[in-house]
Amino acid sequence: MTLLVEAKAVLDEKGAKYTVVELDKEADGKAIRAEMGDLLGRTSVPAIWISGTYIGGCNDGPLGGINTLNKNKQLDVMLKSAGAV
């Protein structure tokens, strides 16, 4: 399972509303990836934001990523606060 599929599965399991931007399918995907590099210091995906806060990818990032937040029960709180569930 790719990390993108894994991240989507976590959100789908929670019934969360979310938007996916698949950079390889976007006309300006390379420009977005370059901007991510400038903003985040990395261009890897998934790069997940909740209500404007960058949480990381699946298992890494400033807040530990979606799996870490889910494991620590913080993801539910963040999604609820964002109105995503």
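Read on for a plain summary of the structure.

Cut-offs used in this document
Residues numbered from 1 in each chain as written. Predicted model: local features only at pLDDT ≥ 70, side-chain atom pairs only at ≥ 80, totals over all residues. Heavy atoms only, no water. Helix = DSSP H or I, 4+ residues; strand = E, 2+ residues; numbered from the N terminus. Rg over C-alpha atoms; globule rule 2.2 N^0.38 Å. Buried < 20%, exposed > 50% of the residue type's maximum accessible area, 1.4 Å probe, protein only. Areas by Shrake-Rupley, 256 points an atom, 1.4 Å probe, with all protein chains shown as cover. Lys, Arg positive; Asp, Glu negative; His and termini not counted. Charge placed at Lys NZ, Arg CZ, Asp CG, Glu CD. Core = buried A, V, L, I, M, F, W, Y, C linked by side-chain atoms within 4.5 Å. Contact = heavy atoms within 4.5 Å. Phe/Tyr/Trp six-rings, centres within 6.5 Å; stacked < 30°, edge-to-face > 60°. Patch = residues over 30% accessible without salt bridge, like charges linked within 9 Å, V, L, I, M, F, W, Y side chains within 5 Å. Salt bridge = Lys/Arg side-chain N within 4 Å of Asp/Glu carboxyl O. Axes fitted to C-alpha atoms, helices over the stretch in contact; angles between N-to-C directions. Parallel < 35°, antiparallel > 145°, perpendicular 65-115°, else oblique. Left-handed = near helix turned anticlockwise from the far one by under 90°.

### Brief notes about the overall build of the protein
And then number 1: Check the secondary structure of the protein and you find 4 helices and 2 strands.
And then number 2: The secondary structure elements of the protein, listed N-terminal to C-terminal, are α-α-β-β-α-α.
And then number 3: Scaling as 2.2 N^0.38, a compact globule of 85 residues should have a C-alpha radius of gyration of about 12 Å, and the protein matches this with 13 Å.
And then number 4: Residues counted as buried form 29% of the 85 residues belonging to the protein.
And then number 5: Here the protein displays about 5,400 Å² of accessible surface, and carbon together with sulfur accounts for 52% of that area.
And then number 6: Averaged over its 10 positive side-chain charges, the protein has a centre that lies 6 Å from the centre of its 11 negative ones.

### Topic: the nonpolar core
And then number 1: Of all hydrophobic cores here, the largest spans 13 residues; its most connected members are I55, I66, L75 and L79.
And then number 2: Every element with two or more residues in this core is listed here: α1 (3-14), β1 (48-50), α3 (65-71) and α4 (74-81).
And then number 3: In terms of residues, this core owes the most to one element, α1, which gives 3 residues.
And then number 4: Not counting chain neighbours up to four residues away, the residues in contact with L75 comprise V10, K14, I50, I66, L69 and N70.

### Examining the packing of aromatic side chains
And then number 1: Tallying each qualifying case throughout the model produces 1 aromatic pair.
And then number 2: For the ring pair W49 and Y54, a centre distance of 5.0 Å and an interplane angle of 50° mean the geometry is tilted.
And then number 3: With relative accessibility at 38%, the residue W49 sits in the partly exposed group.
And then number 4: You can call Y54 buried: its relative accessible area is 13%.

### Topic: a nonpolar patch on the surface
And then number 1: A cluster of nonpolar side chains, contributed by L4, Y18 and V20, occupies part of the molecular surface with about 210 Å² of accessible area.
And then number 2: Relative to the helices and strands, L4 is located in helix α1.
And then number 3: Note on L4: relative accessible area 32%, which makes it partly exposed.

### A closer look at the packing of α1 against α4
And then number 1: The interhelical angle for the contact between α1 and α4, taken along N-to-C directions, is 70°, at an axis separation of 12 Å. For the element pair α1 / α4, the angle class is roughly perpendicular. Crossing hand, α1 versus α4: right-handed. Facing α1, whose interface residues are V10, L11 and K14, α4 presents L75, D76 and L79.

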